[in-house]
Amino acid sequence: MLTLYGYMKCSTCRNAIAWLEAQGIAHKVVDITQHPPTKQVLKKIVAQDQPIDYQLKHLYNTSGIQYREQGIAAKREKMTETAQLDLLAGNGMLIKRPIVTDGKRFTVGFKAEVFERVWGDA
């Protein structure tokens, strides 16, 4: 079963859920605002060889209000990886969503073609 970290007011998350449901893929939804992915999960996304090569910068919700209001773009360039992971794990609204995982593979955001490639066999 897949875990989808998302926010139900987010249309991208709703589209990802609809795609999973249309494919008959079992999943559970975790509210990213209440239970963001842990630092360890986020670190796995950027540390492991994945179907998609994610870097730390890909984990940020750069279009989010909090990202802009807190001036994260300028701050993150001076932050260590550990500090950035702590920041993200502490505030799910700063994380690009949805994050989908089976515990080994991950996708960040939603694009149907990426979901098909990564989750089409789930």
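Quick summary incoming for the structure in this document. None of the values given here were measured: they were computed from a predicted structure.

**A few points about the layout of surface pockets**
Space inside the largest pocket adds up to approximately 340 Å³. For the largest pocket, the lining is made up of 20 residues, of which Lys96, Arg97, Val108, Gly109 and Phe110 are closest to its centre. Elements supplying a minimum of two residues to the lining of the largest pocket: β4 (106-108) and α6 (112-119). For the lining of the largest pocket, the per-class residue count stands at nine nonpolar, seven polar and four charged.

**Some remarks on the packing of helix α1 (residues 11-22) against α6**
Two numbers describe how α1 lies on α6: the axes approach to 11 Å, and their chain directions differ by 45 degrees. By the angle class used here, α1 and α6 are oblique. Every pair of crossing elements has a handedness; the one defined by α1 and α6 is right-handed. Residue-level contacts link Ala16, Trp19 and Leu20 of α1 to Ala112, Phe115, Glu116 and Trp119 of α6. Looking at the contact of α1 with α6 residue by residue, the class counts come to six nonpolar, no polar and one charged.

**What to know about unusual backbone geometry**
The amide bond that connects arginine 97 to the next residue, proline 98, takes the cis arrangement and shows omega of -5 degrees. In this structure, proline 98 sits in the loop between α5 (81-90) and β3 (99-101).

**Notes on the environment of lysine 57**
Examined against the element boundaries, lysine 57 turns out to sit in the loop between α2 (39-47) and α3 (65-69). In sequence terms lysine 57 and glycine 6 are 51 residues apart; their C-alpha atoms lie 18 Å from each other.

**Description of α6**
One turn of the α-helix equals 3.6 residues, which is why residues spaced by three or four share an orientation. Val114, Phe115, Val118 and Trp119 are the residues of α6 that are buried. The arc that holds every buried residue of α6, seen down its axis, measures 100 degrees, which confines them to one face. Facing away from the buried surface of α6 by more than 90 degrees, the exposed residues are Glu113 and Arg117. Where α6 is buried, its residues contact β1 (2-6), α1, β3 and β4.

Basis of the calculations
- Residues numbered from 1 in each chain as written.
- Predicted model: local features only at pLDDT ≥ 70, side-chain atom pairs only at ≥ 80, totals over all residues.
- Heavy atoms only, no water.
- 1 Å grid on protein atoms, 1.4 Å probe; cavity = no way out; pocket = protein on both sides within 12 Å on 5 of 7 lines; lining within 4 Å.
- Points joined across faces, edges and corners; volume = space filled by probe spheres on them.
- Helix = DSSP H or I, 4+ residues; strand = E, 2+ residues; numbered from the N terminus.
- Nonpolar A, V, L, I, M, F, W, Y, C, P; charged D, E, K, R; others polar.
- Axes fitted to C-alpha atoms, helices over the stretch in contact; angles between N-to-C directions.
- Parallel < 35°, antiparallel > 145°, perpendicular 65-115°, else oblique.
- Left-handed = near helix turned anticlockwise from the far one by under 90°.
- Contact = heavy atoms within 4.5 Å.
- Buried < 20%, exposed > 50% of the residue type's maximum accessible area, 1.4 Å probe, protein only.
- Arc of directions from axis to C-beta.

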